[in-house]
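# A structural walkthrough
Here are the chains, one letter per residue:
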Amino acid sequence: MKSAVIVFPGSNCDRDLAVAIRDVTGTAPTMVWHRETALPEGVDLIALPGGFSYGDYLRSGAMSARSPVMAEVIAAAARGVAVLGVCNGFQVLTEAGLLPGALMRNAGLDFVCRDVKLTVANSQTMFSSRYDAGATITIPVAHHDGNYFADAETLDRLEGEGRVVFRYAEPVNGSARDIAGVVNAQGNVLGLMPHPERLIEAEQGGTDGRRMFEGLLAALG
Amino acid sequence: MKARVYVTLKPGVLDPQGRAIQHALENLGFGGVEGVRQGKFIELELADGTPRESIDEMCRKLLANTVIENFKVEVA
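Calculation criteria
- Residues numbered from 1 in each chain as written.
- Chains lettered and ligands numbered in written order.
- Predicted model: local features only at pLDDT ≥ 70, side-chain atom pairs only at ≥ 80, totals over all residues.
- Heavy atoms only, no water.
- Pairing = 2+ DSSP bridges.
- Helix = DSSP H or I, 4+ residues; strand = E, 2+ residues; numbered from the N terminus.
- Axes fitted to C-alpha atoms, helices over the stretch in contact; angles between N-to-C directions.
- Contact = heavy atoms within 4.5 Å.
- Core = buried A, V, L, I, M, F, W, Y, C linked by side-chain atoms within 4.5 Å.
- Buried < 20%, exposed > 50% of the residue type's maximum accessible area, 1.4 Å probe, protein only.
- UniProt positions renumbered as here; feature names shortened; annotations may be inferred.
- Polar contact = N/O pair within 3.5 Å; in protein donor to acceptor, adjacent residues only side chain to side chain.

Our next topic: the sheet that holds strand β3 (residues 45–48) of chain A. All names here are of chain A. The 9 strands lie next to each other as β2-β1-β3-β4-β11-β10-β9-β6-β7, forming an open sheet whose pairing is mixed. If you trace the sheet from one side to the other, it starts and ends with β2 (30–33) and β7 (136–143), each paired once. The mean inter-strand angle of the sheet, taken between neighbouring strand axes irrespective of direction, is 25 degrees. In the sheet, strand β10 (residues 179–183) pairs with strand β11 (residues 189–192) via 3 bridges, with the strands oriented antiparallel. Opposite V182, over in β11, you have G191 as the bridge partner. Relative to strand β1 (residues 3–7), helix α1 (residues 14–25) is tilted by about 175 degrees, and along the sheet it contacts β1, β2, β3 and β4 (82–86). Sheet contacts for helix α2 (residues 68–78): β1, β2, β3, β4 and β11; angle to β3, the most-contacted strand, approximately 135 degrees.

Okay, here's the thing in structure tokens:
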């Protein structure tokens, strides 16, 4: 499986994401600076990491979503290449229009940094196939702007089409309908606020994050 | 020329920051503050003759996120 991790100025989970992908798939991803205008040939997975790209200027993810490399990411997503956005990566994907909705300031205004329980709402995606539908898993969050917003019609559509992949099993940030992660209509672009790359080995306190990368490896070879 | 861009949250979009500001004003003893909505003000220094459509495009493409925000442009 050939993968790339996009690095924006202010990304700070890019190396964690790269280590997770390397450990699970056996192949290290190519790190791609945001000013690049091409992605590695034949890439199967593009990962957008967490962090505070551009210091969250204007809106979280707004500046990065207009980075030169994003035109390539959008084109690759349209071709069916898998795209995973974690935390700031999720914010970038919504700002780039690859996923619906927006991520607003947490309802409690606090930065939330802790392990949270998630419910797997759809285990039929390439990102979630190694989880059981309805299972409760634990993945850490660390964000200030994770309060998912979309209009009621969009939320109904997302739920009706099974595009809500993960939900918070407990109150975290005020997200509409407890949405923690959504997938695009084609099923190849996932954004989620929790950090699966932080729970890859038992030494990290759990391995619930590992199965996302195992699912991707199974789907993408 | 200058363009002044006001970016505001759409009606119906919750504004926890606005609510916190409202509470802070109440704590300071200001009565009658019935609501606060926080937005952004962006001043653009533009080449003379920049067409209005171009400014609107800047707003739609970057300055505002039209999923959650409205924008208003004043040209001076």
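Structure's up, so let's keep going.
Here we come to the nonpolar core. Among the nonpolar cores identified, the biggest contains 68 residues, and A:I46, A:L84, A:F166 and A:F213 are the most heavily contacted of them. Contacts of A:I46, omitting those with residues within four sequence positions, involve A:A4, A:I6, A:L39, A:V73, A:A76, A:V81, A:A82, A:V83 and A:L84. Of all hydrophobic cores here, the second largest spans 11 residues; its members include B:A3, B:V7, B:A64 and B:V73.

This part is about the UniProt feature "active site" (unreviewed entry) in chain A. All names here are of chain A. Mapped onto the present numbering, the UniProt feature "active site" (unreviewed entry) falls at C87, H195 and E197. These annotated residues cover 111 residues of sequence, but their C-alpha atoms sit close together, with the largest distance between any two at 11.0 Å. You can see C87 is positioned in the loop between β4 and α3 (88–95). Other than its neighbours up to four places away in sequence, C87 contacts G50, A142, H143, L192, M193 and H195. Note on placement: H195 falls in the loop between β11 and α5 (210–220). Those residues in contact with H195 that lie beyond four places of it in its chain are C13, G50, V86, C87, I139, P140, V141 and A142. Polar contacts involving the side chain of H195 include one to the side chain of E197, which spans 2.8 Å.

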